[in-house]
Amino acid sequence: MVSPLHFSFELFPPRTPENMAKLPAVIGQLAAVRPDYFSITYGAGGSTMKGTYETMVAVVEHSGVEAVPHLTCVGSTRAHIAELLRRYRDAGVKRIVALRGDLPATAMSPAAPGEFHYANELVSFIRETHGDEFKIEVAAYPEMHPQAHSPGADFENFLRKVEAGADAALTQLFYNADAYFDFMERCGKAGIRIPVVPGIMPITGFSNTVRFCAGCGADLPRWVRLRLEELQDDKASLQDFGLEVVTRLCDTLLRNGAPGLHFYTINQSEPTLRLLKNLALPAPA
Ligand SMILES: Cc1cc2nc3c(=O)[nH]c(=O)nc-3n(C[C@H](O)[C@H](O)[C@H](O)COP(=O)(O)OP(=O)(O)OC[C@H]3O[C@@H](n4cnc5c(N)ncnc54)[C@H](O)[C@@H]3O)c2cc1C
């Protein structure tokens, strides 16, 4: 591990053979800073169980670092989830990121179709069927999940996941440190003691940053958006500016009690490694 703090890297299953071929090098470069684990998305952008599994195998083969599958329950059945859990247990998986997943565009109600409607039901199911065999991580939304009725209602729903047995949480990406501190204050008042690790998306471009933020309801501060827009045709300057903004965010979070960082790597090593280098973290314990 790069420091006594928690560090993890998120990958997604590559969609083309060319991108799959590039992944071992990315994994090797990221593994060199000794993260706690790599997590691998499932279901997002049409990715399949096979893709998640193959990416997990690539992580283990090319790094020896723990590989953690995401598991979404939207549109699924108890029998199917039970089968996936058995396969993961038999493959030696020790930790799972348990999620509802995004609703299909045609959804008529906020409750997911299928036999599970919300992530708290998935967490309960894992605990009922597997006890403490898996560590369970869930999603947290310092700036509120975009479909929630209110920040208070969303927080109550986060609490349900904790009460159902989550061991830790990873947050949605955000660029306002105060949103995280406000969330943690609410956790403190509600007696939630599990680690809530900030999810960090390095800034690598103007249009993709705007798109990522719009997609998950994250607030991109106006001054950052304007500066990225201004620099969009000067890649090197934009990336330097993005690095500065996100380094400051990470530094502020870690100095004020965040237990570590979870990086949305988008299958690139360079942006995350530049950030980690900039952060001047304490030496490993
Ligand atoms: C760290 C992280 C990793 C992710 N990885 C993936 C991935 O691999 N694949 C993928 O498809 N997506 C992924 N996502 C996106 C995630 O699936 C979406 O944000 C999804 O819309 C919500 O998932 P959730 O688990 O947070 O849902 P939930 O916790 O179920 O919340 C969903 C919505 O329902 C509300 N709600 C929750 N419980 C209840 C309840 N009992 N009653 C009424 N309302 C309730 C909440 O307030 C919220 O608005 C990830 C998100 C994060 C933060």
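Refer to the preceding data block for the structure.
This write-up is about the structure you can find in this document. (Residues numbered from 1 in each chain as written. Predicted model: local features only at pLDDT ≥ 70, side-chain atom pairs only at ≥ 80, totals over all residues. Heavy atoms only, no water.)

**Points about the overall build of the protein**
Logical step 1: The helix and strand tally for the protein stands at 10 helices and eight strands.
Logical step 2: For the protein, the C-alpha atoms occupy an extent of roughly 50 × 45 × 45 Å along the three principal directions.
Logical step 3: For the protein, the residues scored as buried account for 49% of the 285 residues in total.
Logical step 4: Carbon together with sulfur atoms contributes 52% to the accessible area of the protein, which is approximately 13,400 Å² in total. (Helix = DSSP H or I, 4+ residues; strand = E, 2+ residues; numbered from the N terminus. Buried < 20%, exposed > 50% of the residue type's maximum accessible area, 1.4 Å probe, protein only. Areas by Shrake-Rupley, 256 points an atom, 1.4 Å probe, with all protein chains shown as cover.)

**Thoughts on helix H10 (residues 270–278)**
Helical periodicity: at 3.6 residues per turn, an α-helix aligns residues three or four positions apart in one direction.
Logical step 1: Every buried residue of H10 is accounted for by Pro-271, Thr-272, Leu-275 and Leu-276. Buried residues along H10 cover an arc of 130° about the axis, so they all sit on one side. Facing away from the buried surface of H10 by more than 90 degrees, the exposed residues are Glu-270 and Lys-277.
Logical step 2: Lining the buried residues of H10 we find strand S1 (6–11), helix H1 (17–31), strand S7 (196–200), helix H9 (235–255) and strand S8 (260–264). (Arc of directions from axis to C-beta. Contact = heavy atoms within 4.5 Å.)

**A closer look at the sheet that holds strand S2 (residues 37–40)**
Logical step 1: Pairing within the closed barrel is parallel, and its eight strands lie in the order S1-S2-S3-S4-S5-S6-S7-S8. Strand-to-strand, the axes of this sheet are offset by a mean angle of 30°, without reference to chain direction.
Logical step 2: As judged from the five bridges shared by S1 and S8, these two strands associate in the parallel manner. Within S8, the position partnered with Ser-8 by the bridge is His-262.
Logical step 3: Relative to strand S5 (residues 135–140), helix H5 (residues 151–164) is tilted by about 180°, and along the sheet it contacts S5, strand S6 (168–173) and S7. (Pairing = 2+ DSSP bridges. Axes fitted to C-alpha atoms, helices over the stretch in contact; angles between N-to-C directions.)

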